[in-house]
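# Notes for the structure review
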Amino acid sequence: MAELSHLGASGEANMVDVGDKADTSRSATAEGFVRMRPETLALIREGNAKKGDVIGTARLAGIMAAKKTSDLIPLCHPLMLTKVAVEIAEDGALPGLRVTAIAKLSGKTGVEMEALTAVSVACLTIYDMAKAADKAMEIGGIRLREKTGGKSGTYRLED
């Protein structure tokens, strides 16, 4: 089993020293969903949510959140992201919205937490923007789909 990199010799939490690591191109893709009533999805699709453009606002919130990840998660390094993209797509089978985020950089540490944070905050924003119509919405399935770069190489979630 792999060791936890954020634990010191005595078990105390610490920030990993990445100073001697080489810069490499790194990326991460994360996903999640917001399940809702079909009527709520229709409100969002038609642009009739009381708070305004749900999808556009959630996309921006996700991007902004990725850039603030180190302010939210105590042991994350501040990163110079080169790209963050958040896609939100309707999924009638849920019914609801599927959120995907991609984060990229050239650096000494990975961007998995940034991609996961982007998805999480985008999903929370969807909930906030539509909660007047549907307080029973469910946020779920937030997970890492893929990561590339760094010493550990490529990881892809196998469904």
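Remember, it's a predicted structure, so these values are computed and weren't measured experimentally.

Bringing the packing of helix H2 (residues 54-67) against helix H4 (residues 112-130) into the picture now. Closest axis-to-axis distance for the H2/H4 pair is 7 Å, and the angle between their directions is 145°. H2 and H4 meet at a crossing whose hand is right-handed. Between H2 and H4, the residues in contact are Val-54, Thr-57, Ala-58, Ala-61, Gly-62, Ala-65 and Ala-66 and Glu-114, Thr-117, Ala-118, Val-121, Ala-122, Thr-125, Ile-126 and Met-129, respectively. Residue classes in the contact of H2 with H4 are distributed as ten nonpolar, four polar and one charged.

Moving on: the environment of Lys-50. Tracing the chain through its elements places Lys-50 in the loop between helix H1 (38-46) and H2. Sequence separation between Lys-50 and Leu-94 is 44 residues, and the spatial gap between their C-alpha atoms is 22 Å.

Here the focus is the environment of Glu-114. Assignment of secondary structure puts Glu-114 in helix H4. The residues touching Glu-114, leaving out its near neighbours within four places in the chain, are Ala-66, Thr-69, His-77, Leu-79, Leu-81 and Ala-103.

This part is about the pairing of strand S2 (residues 83-91). Sheet topology note: the S2/strand S3 (residues 96-107) ladder contains nine bridges and is antiparallel. Counterpart to Glu-90 in the pairing with S3 is Leu-97.

Okay, a nonpolar patch on the surface next. On the surface, a cluster of nonpolar side chains totalling about 240 Å² of accessible area is made up of Leu-124, Ile-139 and Ile-142. Tracing the backbone shows Ile-142 in strand S4 (residues 138-148). When its relative accessible area of 34% is taken as the criterion, Ile-142 is described as partly exposed.

The rules we used
- Residues numbered from 1 in each chain as written.
- Predicted model: local features only at pLDDT ≥ 70, side-chain atom pairs only at ≥ 80, totals over all residues.
- Heavy atoms only, no water.
- Axes fitted to C-alpha atoms, helices over the stretch in contact; angles between N-to-C directions.
- Helix = DSSP H or I, 4+ residues; strand = E, 2+ residues; numbered from the N terminus.
- Left-handed = near helix turned anticlockwise from the far one by under 90°.
- Contact = heavy atoms within 4.5 Å.
- Nonpolar A, V, L, I, M, F, W, Y, C, P; charged D, E, K, R; others polar.
- Pairing = 2+ DSSP bridges.
- Patch = residues over 30% accessible without salt bridge, like charges linked within 9 Å, V, L, I, M, F, W, Y side chains within 5 Å.
- Areas by Shrake-Rupley, 256 points an atom, 1.4 Å probe, with all protein chains shown as cover.
- Salt bridge = Lys/Arg side-chain N within 4 Å of Asp/Glu carboxyl O.
- Buried < 20%, exposed > 50% of the residue type's maximum accessible area, 1.4 Å probe, protein only.

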